[in-house]
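This is what each chain is made of:
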Amino acid sequence: MTCIRIYASILYFIICITCSAIICMICSVSAYAGVGFTYVAQGGEAVIAVEAPASAGLNGGVHVAPTMAGLRMTFTSDNPSQVKWSRYSSLGAAYAETTTASGHDANSSWIDSPQGDMGYVIEDGGTLTYIWLVDYGKHMFSPGSLSLSTEQECGRTALDCTGSGDEIAYYSITGRRLTLSRDITLSYSTLEWNDAAQNYTETPAVETLEYLSPIIHVNAPLCQTAFTLEGDRFLRQWGRPLSCESASFPPRSIAAHTSAVSDNTPSDNETSAGQVGGLGGSAPCTVNFIANVTDAAIFHEWQMSRYRDFDDVSLRASELDFTHTFTEQGTTYVRLYCANDDASCEYFGETYEITIGESVLKCPNAFTPFNQDGVNDVWKVTYSSIIEFECHIFNRSGRKMTSFTDPSQGWDGRYGGKFVPAGAYYYVIKARGADGKEYKLSGDINIVDYK
């Protein structure tokens, strides 16, 4: 691409003194790569220069003028009398038509009141400069008014807009259609999950629109809010943006934040029942389910099923914070379901899988309580997913030494607070597993004295 010399146009004033009055003849200037714009003999706002993508071939940029009336387009040159002008439409620069310069001086050549929404080719010796000139007067932005559309989707809100702000199109030198984003903003409030607060907090949301259409679709707000439409980027630069605000509307869409935490700590004689990570493992397993929901969630419940698709829901709980103890072997699926007041919007939360393994119950036949070295000091069963348990230990004469109903507990070899003599003792166990398996176990316990 031909190197473009950056030219800074100079604001200057032609002062005419008539009856001691000073009239401002040139009131605004825009410059881009040797191309400049001024409004002659009236108060016009600056022409806004926008860089075009390299693929457009517009090495002189795109220029947006508030009006063509009184506009002068200039091109600075070392030999302005030899500058040639032509212009093209959507067909591209290959179909450019010659146009006559309005005049020149020692530094520049110019065209007065150029036609807007046109491309221009400026030939200066062997150098070609391509620009596109937009007449903003043909694309005026007006926000109009905003109201809720009749048809709404969950997750998206549709707004009817009576305003105007069409696409501003321009064309590359090959006739390819491109558009300038008007950067129209639609502002409103919504809810976002805040990890630090562990709650939903109201947050401003802004969506940028390239142009204005009769129906505007945006991400649905999660709290009651009004919508503010403001623009556009060109009016902002000219210091006169326009805006409108809708009425305040209640939310329809729903979001929720859920978590599930098991508060079980396995005992030293309890195995994992094949569950590594995740939820579940050995029964009984207690899991706390916690939910935070947004404003539109009028109905909510935790659902529990043995089927991943929740074809058959076995348990429902309306509490947001819900605790359940799992005592059956297999996988159970749990999720949060929410709906708004008329059930037109529904929400299904993350599905949690709680897997309870098969039961295991094994009994050792010896231990060494006298050593008190932390190794095999207490007689304990090895177990997993045992939900009912009863154990009795007797000496050889039939006297009961101890009883307990928690498989995590055991016998430390004491009776009446004192160690019993070494020798053989007898246990009787009755238990049931999460898989329905019944256990009736009995056998000898040998207390070994290594001292």
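Calculation notes
Residues numbered from 1 in each chain as written. Predicted model: local features only at pLDDT ≥ 70, side-chain atom pairs only at ≥ 80, totals over all residues. Heavy atoms only, no water. Disulfide = S-S within 2.5 Å. Helix = DSSP H or I, 4+ residues; strand = E, 2+ residues; numbered from the N terminus. Buried < 20%, exposed > 50% of the residue type's maximum accessible area, 1.4 Å probe, protein only. 1 Å grid on protein atoms, 1.4 Å probe; cavity = no way out; pocket = protein on both sides within 12 Å on 5 of 7 lines; lining within 4 Å. Points joined across faces, edges and corners; volume = space filled by probe spheres on them. Core = buried A, V, L, I, M, F, W, Y, C linked by side-chain atoms within 4.5 Å. Contact = heavy atoms within 4.5 Å.

What to know about the state of the cysteines
Inference 1: Summed over the entire model, instances satisfying the criterion amount to one disulfide.
Inference 2: A disulfide bridge connects Cys154 with Cys345, and the sulfur atoms are separated by 2.0 Å. Linking Cys154 and Cys345, the disulfide has an S-S dihedral of approximately -110° and is accordingly described as left-handed. A residue pair is termed long-range when its members are at least 10 positions apart, and Cys154 in the loop between β14 (146–148) and β15 (156–161) and Cys345 in the loop between β29 (330–339) and β30 (346–348) qualify at 191 residues.
Inference 3: The exposure class assigned to Cys154 is partly exposed, which follows from its relative accessible area of 40%.
Inference 4: The exposure class assigned to Cys345 is buried, which follows from its relative accessible area of 1%.
Inference 5: Considering cysteine sulfurs only, Cys345 is the nearest to Cys223, which forms no disulfide, with 15 Å between them.
Inference 6: Here Cys363 is not cross-linked by a disulfide; its sulfur's nearest cysteine counterpart is in Cys391, at 7.1 Å.
Inference 7: On the basis of relative accessible area, Cys363 is assigned to the partly exposed category, the value being 23%.

Section: empty space enclosed by the protein
Inference 1: Under the criterion given, the structure shown has one cavity of 30 Å³ or more.
Inference 2: Forming the walls of the largest cavity are 15 residues, and the residues nearest its centre are Leu148, Thr157, Pro221, Pro250 and Arg252.

So, the nonpolar core
Inference 1: Residues Leu58, Val62, Leu146, Leu180, Ile216, Leu229 and Phe234 are the most contacted members of the largest nonpolar core, which totals 38 residues.
Inference 2: Not counting chain neighbours up to four residues away, the residues in contact with Leu229 comprise Pro143, Leu146, Cys161, Ile184, Thr185, Leu186, Leu209, Leu212, Ile216, Leu242, Ser243 and Cys244.
Inference 3: With 23 residues, the next largest nonpolar core counts Ala297, Ala317, Tyr352 and Ile356 among its residues.

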